[in-house]
Protein chains: 2
Amino acid sequence: METLQINEVAPRDGFQSESRFIPTDQKVALIDALTATGIARIEATSFVSPKAIPNLRDAAEVVSAIQRRQGVDITVLVPNLKGAERALACGVDEINLVMSASDAHGRANLRMTPEVSLQQFANIINTVRGSGVFINASLSTAFGCPFEGNVPEARVLDLIEQQLALGVEGVTLCDTTGVANPAQVSALCAQVLKRFPGVPFTLHFHNTRGMGLANALAAWQVGITRFDASLGGLGGCPFAPGATGNVCTEDLVHMFEQMGVNTGVNLPALLEASATLPDLIGHDTPGQVGKAGSADRRHPLPAQA
Amino acid sequence: METLQINEVAPRDGFQSESRFIPTDQKVALIDALTATGIARIEATSFVSPKAIPNLRDAAEVVSAIQRRQGVDITVLVPNLKGAERALACGVDEINLVMSASDAHGRANLRMTPEVSLQQFANIINTVRGSGVFINASLSTAFGCPFEGNVPEARVLDLIEQQLALGVEGVTLCDTTGVANPAQVSALCAQVLKRFPGVPFTLHFHNTRGMGLANALAAWQVGITRFDASLGGLGGCPFAPGATGNVCTEDLVHMFEQMGVNTGVNLPALLEASATLPDLIGHDTPGQVGKAGSADRRHPLPAQA
C-alpha cells in the first residue's frame, strides 16, 4: 500500500503568521513532538531576513537544536542565496525555494516576477548542488491569484518545466489563498503527473473556503501522495480575514487513515501535539478532529429519563 | 447538465439547536430569502412536540406564513402521526420521516428501535398516502453510531428496503455525527444507487471532523445529486462540542459552482441571507465562504513600500 507523505508546515507557515514570537525552546519542543509522530517531513523554519519575519529570527538555533530521526526529513524555506547558505551551514535535508506563478502576487509577496525568481533559483541551485540537500520549489498561486484571478494551466506547466531545467528536484503546487476547487485540482494534478513523470509533486492547500480536504481527496484520486499540512490548521491568509489557514494536519491524517490510506503518522500523538498549540500561540485553532475526536470515538449512552 | 438539488435545513436542523427561540417573523423572513435564492428544497421546520423542541413550537405558523414559489419544495420533519396530521393541514410539499439505523442511537434520540420506527412509518404513510405530499425518510447514523460504532452496510440496505416497501418515496442517508469518510461514502452511495435505481437519495453530512465537502464530492462522483446543507453551517452535534454542524450551504454551493456544476442557487443572494444569521442567532457561524468571499473575488494590489 502506498503511504502518504505529509509535510508539516506549522513551524514555518503557521508561526510566521502569529502575532507573537514563539520562544525557541517551545518551537524545538513542538518540532520534536512532531518528529515523534512519524510524519515524513517537517518544514521547520524559514531562513528569511529577521527584519522581514521577526517571528522566525531564530531559524539557525531551531534547526541546530531539534532532534533528528531517520525517516523524518527536515526542510526549510529559503527565499534567497543568503538564506540558502545559512540553511546549508545548519545541516538540513531539504531546502524549499519559493516563487509565484503570477506576476502580481510575485511582485506583492516577493518583489519579483516569476522570471526574476527563476534567475535567483539558478544562483541558489549552483550553491546547493552537490551538497546532498534535496532542492524543492514551491509555486505559489498555482491555482489562481488574489489579484489577477485565473493563472493559465499552460503558464504553470511552463514554470514547472523551467524550474526542473534549473535543477529543482521536487515541486510543491500551492493554493496560496484557498481558491482551488476539486475539478481544477484533479485536472492540473493529472497534467503534471503525466508531463513530468518521476518528479515528486507536493500539494499545498489552504482551507480558506472549506475545500481543503476535498481538494486533497481530488489530488490523491489522480495519484498525488505528498501533501503540505499545518498542525491545528495554523497559517493565515491575509486576503481572507476570519477564514482558516492551511489544511489541518490532524484533519488530513484522520481523513486518509479513516479511508484506509496509510500516512505513517501516529494520530493520537499528533492530536497531543496539536493540543499544546493554544497555550503556545494564545488562541484556539481551526482544527476539527482535535475538538470532536476521531470518528472511531465512542460515547457513553445518555441516561434515559 | 445535471443540476444539484440542495435541501436547506437551517430553519429546522439549525434553529432547533440554538439556545434561543428565533421569533416567527424572522424565521419566515429567512425562509423567504432562501426561497428567492432558487434553492430546490427547504426543510422549514419540524412538527415535533413543542415540549420536546420549544424552538420550533411555531411550526404551523411558519409554514402558513412563508411565501411559496414554483420549483422550491417545502419539506418538514415529522416525528409521529400527530405531526404528520399537523403538517398535512398546513399544506407542505413533502414530509420527512426520521429513524435511526442503529438501536442505541434510535433509543437515545427517538426512544425507538429501528423496527418500532418502521411500524410507526407504516401508520403515518397510511394517513399521508394519496394526499400528493411526497414521503421522504431520513436514516440517521447510516455511516456509524456514536454509541455502537460501525453500522453494517447490510443493515443500512435492509432498512432502506423496508422503508421503500412501506411506501417511502425518497431516502436521506444521514451522517449524523460526522463520522463518514469519502471511501465509505463512495462505497455506500454506489451500493444504494445500484440496488434501488430510480429512488431519489439525498445525502446529509455534518462537517464535525472537516470531511463534509470531501464526502459530498465523493457522493457526487458516484452519482448522488441531492444534498442537505445548512445556511452558515448551523446545526450542532451534541457529541462533538466545539465542532461545526451541518455542511454549510454556501460553502457547498460555492464548491460545486466553482467546479462547473449547476446548483440552481444564486450564490450572492445566499451569502446575503447567511450574513443575516449572526444577528438572528446571536453568534458567529462556521461557514467560510461568507468570510473569505468567492474564489473569484479580486483584491486590490497592496501599495508598494
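Above this note sits the structure.
Below is a short write-up of the structure. Owing to the predicted nature of the structure, the values given are computational and were not obtained by experimental measurement.

## Some words on the overall build of chain A
Thinking step 1. Check the secondary structure of chain A and you find 13 helices and 8 strands.
Thinking step 2. In terms of overall dimensions, chain A is globule-like: its C-alpha atoms have a radius of gyration of 19 Å, near the 19 Å expected for 305 residues.
Thinking step 3. Along the first, second and third principal axes, the C-alpha atoms of chain A reach 70 × 40 × 40 Å.
Thinking step 4. Sorting the 305 residues of chain A into buried and exposed places 60% on the buried side.
Thinking step 5. By sequence separation, contacts in chain A at least 24 residues apart represent 76% of the contacts at least 6 residues apart.
Thinking step 6. Split by element, the accessible area of chain A, about 11100 Å² in all, is 50% carbon and sulfur.

## Some words on the pairing of strand β2 (residues 41–46) of chain A
All names here are of chain A.
Thinking step 1. Across the 6 residues of β2, 6 count as buried, placing the element largely inside the fold.
Thinking step 2. With 2 bridges connecting them, strand β1 (residues 5–8) and β2 associate as parallel partners. Within β2, the residue paired with Asn-7 across the bridge is Arg-41.
Thinking step 3. Looking at chain direction, β2 and strand β3 (residues 73–78) are connected through 5 bridges and run parallel. Bridging from a neighbouring strand, Thr-45 pairs with Val-76 of β3.
Thinking step 4. Where the polypeptide runs from β2 across helix α3 (residues 59–65) and back to β3, its parallel neighbour, the crossover connection is right-handed.

## What to know about the packing of aromatic side chains
Residue and element names in this part refer to chain A.
Thinking step 1. For the structure on display, the rule yields 8 aromatic pairs over all chains.
Thinking step 2. Between Phe-143 and Phe-205, the aromatic rings sit 6.1 Å apart at their centres with planes inclined by 40 degrees, giving tilted as the arrangement. Of this pair, Phe-143 sits in the loop between β5 (134–140) and α7 (153–166) while Phe-205 sits in strand β7 (residues 201–205), placing them 62 residues apart in sequence.
Thinking step 3. On the accessibility criterion, Phe-205 (2% relative accessible area) is buried.
Thinking step 4. A connected cluster of aromatic rings, assembled from ring pairs, spans Trp-220, Phe-227 and Phe-256.
Thinking step 5. Sitting above the plane of the Phe-21 ring, Arg-57 keeps its charged end 3.9 Å from the centroid.

## Focus on the sheet that holds strand β3 (residues 73–78) of chain B
All names here are of chain B.
Thinking step 1. The 8 strands are arranged β1-β2-β3-β4-β5-β6-β7-β8 in a closed barrel whose pairing can be described as parallel. Each adjacent strand pair in this sheet contributes to an overall mean axis angle of 25 degrees, direction not counted.
Thinking step 2. With 4 bridges joining them, β3 and strand β4 (residues 94–100) adopt parallel strand pairing. Counted as the bridge partner of Val-76 is Ile-95 from β4.
Thinking step 3. Sheet contacts for helix α8 (residues 182–195): β6 (170–175) and β7 (201–205); angle to β7, the most-contacted strand, approximately 160 degrees.

## Details of the interface of chain B and chain A
Size of an interface: often given as the accessible area lost when the parts come together.
Thinking step 1. Every contact between the two is made by 50 residues of chain B and, on the other side, 50 residues of chain A.
Thinking step 2. Between chain B and chain A the total buried area reaches about 3700 Å² when both faces are included, carbon and sulfur atoms providing 59% of it.
Thinking step 3. Among the residues chain B hides against chain A, the three largest losses belong to Arg-209, Gln-288 and His-299 of chain B. Together they make up 17% of the total.
Thinking step 4. The interface formed by chain B and chain A includes 0 salt bridges.
Thinking step 5. Taken together, the connections running from chain B to chain A amount to 15 residue pairs in polar contact (both at pLDDT 80 or more).
Thinking step 6. Of all the elements in the fold, those that place two or more residues in the side of chain B that touches chain A are α5 (103–110), α8, α9 (212–221), α10 (249–258) and α13 (289–292) of chain B.
Thinking step 7. The element best represented in the side of chain B that touches chain A is α9 of chain B, accounting for 5 residues.
Thinking step 8. For the side of chain B that touches chain A, the class distribution of residues is 26 nonpolar, 16 polar and 8 charged.

## As for the sheet that holds β3 of chain A
Pairing between the strands of a sheet comes from backbone hydrogen bonds, and it takes one of two forms, parallel or antiparallel.
Residues and elements named next belong to chain A.
Thinking step 1. Ordered by their spatial adjacency, 8 strands build a closed barrel running β1-β2-β3-β4-β5-β6-β7-β8, and the pairing between neighbours is parallel. When strand polarity is set aside, the average angle formed by the axes of neighbouring strands in this sheet is 25 degrees.
Thinking step 2. With 7 bridges joining them, strand β4 (residues 94–100) and β5 adopt parallel strand pairing. Within β5, the position partnered with Val-98 by the bridge is Ser-138.
Thinking step 3. The strands touched by helix α8 (residues 182–195) within the sheet are β6 (170–175) and β7, with β7 carrying the most contacts at an inclination of about 160 degrees.

## With respect to the relation of the copies chain B and chain A
Thinking step 1. Mapping chain B onto chain A leaves a residual RMSD of 0.0 Å; the transformation is a rotation of 180 degrees accompanied by 0.0 Å of translation along its axis. Within this description, the copies of the chain are treated as partners about a two-fold rotation axis. The C-alpha atom lying nearest the rotation axis in chain B is that of Ala-214 of chain B; the distance is 1.9 Å.
Thinking step 2. Mapped onto chain A, 100% of the interface residues of chain B again fall at the interface, so both copies present the same surface.

## Topic: unusual backbone geometry
Thinking step 1. With phi around 60 degrees, Arg-111 of chain A is a residue other than glycine that occupies positive phi space.
Thinking step 2. In this fold, Arg-111 of chain A is placed in the loop between α5 (103–110) and α6 (114–128).
Thinking step 3. The class for Arg-111 of chain A is exposed, based on a relative accessible area of 59%.
Thinking step 4. With a phi angle near 55 degrees, Thr-141 of chain B is a residue other than glycine that sits in the positive phi range.
Thinking step 5. If you trace the backbone, Thr-141 of chain B turns up in the loop between β5 (134–140) and α7 (153–166).
Thinking step 6. According to the relative accessible area criterion, Thr-141 of chain B is buried, its value standing at 0%.

Reading the values: rules and limits
- Residues numbered from 1 in each chain as written.
- Chains lettered and ligands numbered in written order.
- Predicted model: local features only at pLDDT ≥ 70, side-chain atom pairs only at ≥ 80, totals over all residues.
- Heavy atoms only, no water.
- Helix = DSSP H or I, 4+ residues; strand = E, 2+ residues; numbered from the N terminus.
- Rg over C-alpha atoms; globule rule 2.2 N^0.38 Å.
- Buried < 20%, exposed > 50% of the residue type's maximum accessible area, 1.4 Å probe, protein only.
- Contact = heavy atoms within 4.5 Å.
- Areas by Shrake-Rupley, 256 points an atom, 1.4 Å probe, with all protein chains shown as cover.
- Pairing = 2+ DSSP bridges.
- Right-handed = clockwise from strand over helix to strand, strands pointing away.
- Phe/Tyr/Trp six-rings, centres within 6.5 Å; stacked < 30°, edge-to-face > 60°.
- Lys NZ or Arg CZ within 6 Å of the ring centre and 35° of its normal.
- Axes fitted to C-alpha atoms, helices over the stretch in contact; angles between N-to-C directions.
- Buried area = accessible area lost by both parts, 1.4 Å probe.
- Salt bridge = Lys/Arg side-chain N within 4 Å of Asp/Glu carboxyl O.
- Polar contact = N/O pair within 3.5 Å; in protein donor to acceptor, adjacent residues only side chain to side chain.
- Nonpolar A, V, L, I, M, F, W, Y, C, P; charged D, E, K, R; others polar.
- Least-squares fit on C-alpha atoms with pLDDT ≥ 70 in both.

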